[in-house]
Amino acid sequence: MIRVAIVDDLDMIRAGFELIIDNEADMTVVASVGNGVEAIEACRSRSVDVMLMDIRMPELDGLSAAETILAEPDPPRIIILTTFGLDEYVTRAILAGASGFLLKDAQSDDLVQAVRAVAAGD
């Protein structure tokens, strides 16, 4: 079972991702939080395999949170999510150590495939 955490400041986005992930037989949502500070806490208190992380959030943005999480022992793989397809974000996400980058308007099948791919180490 792939344990997924969803991090986005918009409740409706999180709810939509939860429906997609929980609909898969091999995935389950173990955390759903609204900012980078809560994402760090979720990783410290739960076992997470893959984290779907928004870039722009209050309190602590996704890239800064990813850097902190990836410095922890046995961190989850992180897929950065954004509505912006700017090269600057792709570069920053890779430099932060993200395993993947996906636009929020991607098809649900692409999201599920991305989670499976990074969970497998791709």
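All values reported here derive from a predicted model rather than from experimental measurement.

A.B. asks: Honestly, the overall build of the chain in this entry has me stumped. Any pointers?
C.D. replies: Along the backbone of the chain there are five helices and five strands. Along its sequence from the N terminus, the chain presents helices and strands in the succession β-α-β-α-β-α-β-α-β-α. Computed over C-alpha atoms, the radius of gyration of the chain comes to 13 Å, within 12% of the 14 Å expected from 2.2 N^0.38 for 122 residues, which places it in the range of a compact globule. Across its three principal directions, the C-alpha atoms of the chain cover 35 × 30 × 30 Å. The contacts in the chain between residues at least 6 apart in sequence include a share of 60% that link residues at least 24 apart. Element-wise, carbon and sulfur atoms account for 50% of the exposed surface of the chain, whose accessible area totals about 6300 Å². Each charge class in the chain was averaged separately, 9 positive and 22 negative side chains, and the resulting centres sit 3 Å apart.

A.B. asks: What exactly am I supposed to notice about the pairing of strand β4 (residues 77–82) here?
C.D. replies: Note on strand geometry: in a regular strand, side chains alternate between the two faces of the sheet. Of all six residues that make up β4, five are buried, and the element is covered over most of its length. Here β4 runs beside strand β5 (residues 100–103); their pairing, made up of four bridges, is parallel. Bridge pairing links I79 to G100 in β5.

Thresholds applied
- Within each chain, residues carry numbers counting from 1 in the order of the written sequence.
- Confidence filtering applies because this is a predicted model: local features only for residues at pLDDT of at least 70, side-chain atom pairs given and counted only at 80 or more, and all residues used for totals across whole chains, interfaces and linings.
- Hydrogens are left out, water is left out, and the side-chain values use all remaining heavy atoms of the structure.
- Segments assigned H or I by DSSP are reported as helices when at least four residues long, segments assigned E as strands when at least two residues long, and all are numbered from the N terminus.
- Radius of gyration here is computed from C-alpha atoms only, and the compact-globule reference equals 2.2 Å multiplied by the residue count raised to the power 0.38.
- The contact criterion used is simple: two residues touch if any of their non-hydrogen atoms lie within 4.5 Å.
- We get accessible surface area from the Shrake-Rupley algorithm with a probe of 1.4 Å; when it comes to residues, only the shown protein chains can shield them.
- The charged-residue count follows a simple rule in which Lys and Arg add positive charge and Asp and Glu add negative charge, with His and chain termini not counted at all.
- Think of each charge as sitting on NZ of Lys, CZ of Arg, CG of Asp or CD of Glu.
- Buried, partly exposed and exposed residues are distinguished by accessible area as a fraction of the type maximum, computed with a 1.4 Å probe on protein chains only: under 20%, between the cut-offs, and over 50%, respectively.
- Pairs of strands are assigned from DSSP output, requiring at least two bridges between the strands.

Coordinates in, geometry out; function isn't part of it.
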